[in-house]
Amino acid sequence: MMENSPTTIAPLLLRNLVTSMFIYADKSILNLAEKSKLLEMIRYVVVTSFLFFLRLLPSLFPSSSHHQVDDYTFKPHKNDGYVTGCGFGDSGIARALSQLLSCVNDIPVSSRKYEIVRSLAERLIEENQREDIEALREVNRTVLSAAFSRALTQLENAMVELGQDRLGHDGAGRGPVQYQLNRVLRAVRSVGDGIWTKVRRGTEDVNRSGNSAEKVAAELLWLAQKLTACGFEEEAIERWASASNLAWLSLSAEPRLQCSLFKVSAFLFKQAKDMGLEGEETEEGNKVSHRQTKMKMLMSWLPLLCRASNGTDVPVLSISERAELEKVLEETIDMLEQEEQEQVLSLWLHHFTYCPSSDWPNLHGSYARWCTTSRKLFVLH
């Protein structure tokens, strides 16, 4: 009921406005900071203060962050992100599955409770599916899809946090001054996290116990596999294809996290290849929609495939798995329109050429076929 109230919208508007102004100003300061250690130090102090301010901003609007956490009930909060307003999501079995998935998300992998709760969730999902009742299958679809969306948002937030922690490491200001300032930045933000927790008790924070980026990425793969097992792989594919900002952040992520994201992409690319091809009666509008989804997925995640296939210690995929996924990519590209193929293959060629650590995927077959077709079309016109 309070989602659209002025007290809820005000901090978001203020935060977005201040952030936009700060980023615009920081671009100008950055060039000057490259030439002076003093300006560099001033810039990082300002950045530290700004991040600290953003964390304290909700405390200025206490009514927007009020949560009743003492009176716990089995039914999740309406803004939990798992249970939707439809009849299926408002049932007891849906709330039970939602709570289990929420617990899986919160419990650290190192805890003995993690496998117990996760096995309970898997059992509930499998039993719903085994009943072969449409309403129970819809419960699985609704709750798993909501969990996948929530995990995507958490992962993106976590990666933004990690990027802020590495602020300046890839910039112009390198050296002991920057190292010390980054340590101060992390210390101040840790204090901010403590205050933030007290001010907004019960809110969902990417730094909660168990919510590391790698853990969330691994759970995204698990959720995608569960959706596929239930026959709802399109739910995961469409959401993953639309996660273009997450894909962009993945290019500068830590290698271990890149490997986790690589596995999700590889799995969903395999599922997406035959999407929309099962029945001859598929409507033309759906065929176009499926093709656009495949296009978005290629444009978003193909750069990561070019960069992260080598893994950290060993390649993410075996030789046979690489060959299989390469074939899947080529077949998916061949299903696109000629202009769409050009965009995808141009993107592939750029990242394939300029990534020094990898020579995969090798899509020269698709590129050669596109050139041949393009040449024929040119001659005909």
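Above this text is the structure in question.
Note on numbering: residues in each chain are counted from 1, in written sequence order. With pLDDT at 70 or above as the cut-off, local features in this predicted model cover only qualifying residues; side-chain atom pairs require 80 or more to be listed or tallied, and sums for whole chains, interfaces and linings still use all residues. With hydrogens and water excluded, all non-hydrogen atoms of the structure serve as input to the side-chain values.

Visitor: Outline the packing of helix 8 (residues 233-242) against helix 10 (residues 255-272), supporting the account with residue identities and numerical values.
Guide: Whenever a helix is involved, its axis is fitted only over the stretch in contact; in every case the axis is a line through C-alpha atoms, and angles between N-to-C directions fall within 0 to 180 degrees. Put simply, DSSP marks the helices as runs of H or I at least four residues long and the strands as runs of E at least two long, and each gets a number from the N terminus on. It is the contact of helix 8 with helix 10, at a shortest axis distance of 10 Å, that shows an interaxial angle of 125 degrees. Judged by the inter-axis angle, helix 8 sits oblique to helix 10. Helix 8 and helix 10 meet at a crossing whose hand is left-handed. Only Leu 261, Val 264, Ser 265, Leu 268, Gln 271 and Ala 272 of helix 10 make contact with helix 8, whose side of the interface consists of Glu 233, Ala 236, Ile 237 and Trp 240. Within the contact of helix 8 with helix 10, the residues separate by chemical class into seven nonpolar, two polar and one charged. Here roughly perpendicular refers to angles of 65 to 115 degrees, roughly parallel to angles under 35, roughly antiparallel to angles over 145, and oblique to all remaining angles. Two helices crossing with the near one rotated counterclockwise from the far one by less than a right angle form a left-handed crossing, whereas a clockwise rotation gives a right-handed crossing. We call two residues in contact whenever any of their non-hydrogen atoms come within 4.5 Å of each other. Ten residues, namely Ala, Val, Leu, Ile, Met, Phe, Trp, Tyr, Cys and Pro, are considered nonpolar, four, namely Asp, Glu, Lys and Arg, are considered charged, and the remaining ones, Gly among them, are considered polar.

Visitor: Provide a residue-level description of the nonpolar core, including the pertinent values.
Guide: Nonpolar side chains in soluble globular proteins tend to end up buried together. Residues belong to a common nonpolar core when they are buried Ala, Val, Leu, Ile, Met, Phe, Trp, Tyr or Cys residues joined through side-chain atoms within 4.5 Å. Note on classification: 1.4 Å probe, protein chains only; a residue is buried when its accessible area is under 20% of the maximum for its type, exposed when over 50%, partly exposed between these limits. Among the nonpolar cores identified, the biggest contains 75 residues, and Leu 101, Phe 148, Leu 155, Trp 240, Leu 268, Met 297 and Trp 301 are the most heavily contacted of them. Not counting the four nearest positions on each side in its chain, Leu 268 is found in contact with Phe 148, Ala 224, Ala 236, Ile 237, Trp 240 and Met 297.

Visitor: Account for the pattern of salt bridges, naming residues and giving values.
Guide: Throughout this description, the term salt bridge denotes a Lys or Arg side-chain nitrogen within 4 Å of a carboxyl oxygen of Asp or Glu. Inspection of every chain in the model, using the stated rule, returns 16 salt bridges. The salt bridge partner of Glu 122 is Arg 118, with a shortest N-O separation of 4.0 Å. Taken together, the residues Glu 122 and Arg 118, both in helix 4 (residues 112-130) and four residues apart, mark about one turn of the helix. Residue classification places Glu 122 among the partly exposed residues on the basis of a relative accessible area of 22%. Linked by salt bridges that have partners in common, Glu 138, Arg 141, Glu 235 and Arg 239 make up one network.

Visitor: If you had to explain a nonpolar patch on the surface to someone new, which residues and values would you point to?
Guide: Note on patches: the residues involved have over 30% relative accessible area and no salt bridge, like charges join within 9 Å, and the nonpolar side chains Val, Leu, Ile, Met, Phe, Trp and Tyr join within 5 Å. Only the protein chains shown count as cover for residues, with accessible areas throughout obtained via the Shrake-Rupley method and a probe of 1.4 Å. A cluster of nonpolar side chains, contributed by Leu 38, Leu 39, Ile 42 and Val 46, occupies part of the molecular surface with about 340 Å² of accessible area. For Leu 38, the location among the structural elements is in helix 2 (residues 37-56). Given a relative accessible area of 58%, Leu 38 falls into the exposed group.

Visitor: I'd like a description of the side chain of Glu 219, backed by residues and values.
Guide: Looking at the secondary structure, you find Glu 219 in helix 7 (residues 213-229). Residues within four places of Glu 219 in sequence aside, it is in contact with Val 104, Asn 105 and Tyr 114.

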